[in-house]
Amino acid sequence: ERLGGKCMYFGKPQVAHFEACLRQLEMDPHRVAHVGDSLHHDVAGANNSGISSILVTGGIHQDDLGTPFGILPSSESLEALFAKYETTPKHVVSTFSWSS
C-alpha cells in the first residue's frame, strides 16, 4: 500500500476470515466460541463477527496483566487491559487445554 498497490487482507481479525471458517464448518455464529490469547486478533475479530470470544490470559497478555501462568488476573487488571484495546471478551480463562 505504501508503494501505491492494493492489498487484500485475510486472516484474524478480519471478519471475512471468521465468516469463511463458519461456512467451512457449516455452523451458525451463535453456536461457536472463538478461543484465543490476543485481544486484537482473537477477541476483536470474533466479537466483530458475532461469535462469542474467550480470552486466555496465560498467553501474549500475561506480562501486561502481571499474573503467573495459570492464575486468573484481578478484575481491575482485566478491565484496564480491555480499555487499552477497546474490546471485551465474553469469557476469560487463565489457561486452555483440549484433548480428543
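Residues numbered from 1 in each chain as written. Predicted model: local features only at pLDDT ≥ 70, side-chain atom pairs only at ≥ 80, totals over all residues. Heavy atoms only, no water.

Q: Outline the overall build of the protein chain, supporting the account with residue identities and numerical values.
A: Regarding its fold elements, the protein chain presents 4 helices and 3 strands. When the helices and strands of the protein chain are read in sequence order from the N terminus, they spell out α-β-α-β-α-α-β. For the protein chain, the spread of C-alpha atoms along the three principal axes comes to 40 × 40 × 20 Å. Per-residue burial over the protein chain gives 33% buried out of 100 residues. Put simply, of all contacts in the protein chain between residues at least 6 apart along the chain, 41% involve residues at least 24 apart. Surface accessibility of the protein chain: about 7,000 Å² in total, with carbon and sulfur atoms responsible for 52%. (Helix = DSSP H or I, 4+ residues; strand = E, 2+ residues; numbered from the N terminus. Buried < 20%, exposed > 50% of the residue type's maximum accessible area, 1.4 Å probe, protein only. Contact = heavy atoms within 4.5 Å. Areas by Shrake-Rupley, 256 points an atom, 1.4 Å probe, with all protein chains shown as cover.)

Q: Account for the nonpolar core, with residues named and values stated.
A: In terms of nonpolar packing, the biggest core is built from 7 residues, these being Leu39, Val43, Leu55, Leu65, Leu78, Leu81 and Phe82. Taken together, the elements giving at least two residues each to this core come down to α2 (39–48) and α4 (75–85). The contacts of leucine 55, once residues within four sequence positions are left out, are Gly36, Asp37, Ser38, Leu39, Val43, His61, Phe82, Pro89, His91, Val92 and Val93. Formed by 5 residues, the second largest nonpolar core is a distinct cluster that contains Phe18, Leu22, Val32 and Ala46. (Core = buried A, V, L, I, M, F, W, Y, C linked by side-chain atoms within 4.5 Å.)

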